[in-house]
Amino acid sequence: MAITYVLVHGAWHTGQAWARVVPRLAASGRPVFTPTLTGYGETRHLLTPDVGLRTHTADIVRLLVDADLHDVVLVGHSYAGLVISAVANEVPERIARLVYLDAMVPADGETGLDVMPITRSMLGTGWRVPPLPEWPAPFGLFGVTDPGDVAWLRTLLSDQPLRCLEEPVALDNPAAAGIPRTHIHCTVKPAGFDRRPVPPRQPNGEPADVRELAAGHDCMITAPAELAALLLDVGVPVGAGSMRS
């Protein structure tokens, strides 16, 4: 199996957020893609009220199809847990594993607001949701506390379209249930940002695969070596030297 990594950033961020992880994964000889979703960063000029979860799902499906990618380890950070779930529903045959990185994990028909109700408190009256404020240590700006890193991260952030959190995820393709899943949880998080418990069994019947990182939410910035090691491990096919137990 020739694994390819596709890393999908979360709300407000861009594909550049993975910059410290990419060389560590690429050193394994595996291709790595870090697309920026429509409406963020270099594509912020495309942000409109109509940009939503379906837009971002189409972004990633288009990448997989146009680049003819198969055996993909599809990683979704935060909000992108919704995106990778929807992508798996559309093109399950291209995906070897889903990795939910401190991410929203929806059930069929749920929205981001359903999965993490605390997000309702972040909404204003318009269709654009500004980035979260910086909090005191150890939480910082999305878990980033180093002043230089915070300054760099601020250059990446832009508004989130509200529609992304209001559109439901369709998970009605039985083939998607066969895709193995890994959940990576960052352990440094503010009160109220609680996750749902991961069921003891994956949809394909395998035992749950849950990993932890002693880092804040943006672990790709603060703990890139540790994150890359986990992603390289889950990218090893079972029976081919994986460290999974």
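Looking up the protein in an unreviewed UniProt entry gives the name Alpha/beta hydrolase family protein, with the organism given as Amycolatopsis tolypomycina.

Draft legend 1. Geometry of the sheet that holds strand β2 (residues 32–33). Strand order across the open sheet formed by six strands is β2-β1-β3-β4-β7-β8, with parallel pairing between neighbours. This sheet does not close on itself; its edge strands, each paired only once, are β2 and β8 (210–213). Across five bridges, strand β1 (residues 4–8) lies against strand β3 (residues 72–77) in parallel orientation. In the strand pairing of β3, Thr-4 is matched with Val-72.

Draft legend 2. Main features of unusual backbone geometry. The linkage connecting Ala-137 with the following residue, Pro-138, adopts the cis geometry, with an omega of 10°. In this fold, Pro-138 is placed in the loop between β5 (128–129) and α5 (147–156). The residue Phe-142 is not glycine, and still its phi comes out positive at about 55°. In this fold, Phe-142 is placed in the loop between β5 and α5. Of the residues examined, Phe-142 reaches a relative accessible area of 10% and is grouped as buried.

Draft legend 3. Structural context of the environment of Gly-39. Structurally, the position occupied by Gly-39 is in the loop between β2 and α2 (53–66). Linking Gly-39 and Val-210, residues 171 residues apart in sequence, is a C-alpha distance of 31 Å. Discounting chain neighbours no more than four positions away, the residues touching Gly-39 are Arg-44, Leu-46, Leu-47, Ser-158 and Asp-159.

Rules and cut-offs
- Residues numbered from 1 in each chain as written.
- Predicted model: local features only at pLDDT ≥ 70, side-chain atom pairs only at ≥ 80, totals over all residues.
- Heavy atoms only, no water.
- Pairing = 2+ DSSP bridges.
- Helix = DSSP H or I, 4+ residues; strand = E, 2+ residues; numbered from the N terminus.
- Buried < 20%, exposed > 50% of the residue type's maximum accessible area, 1.4 Å probe, protein only.
- Contact = heavy atoms within 4.5 Å.

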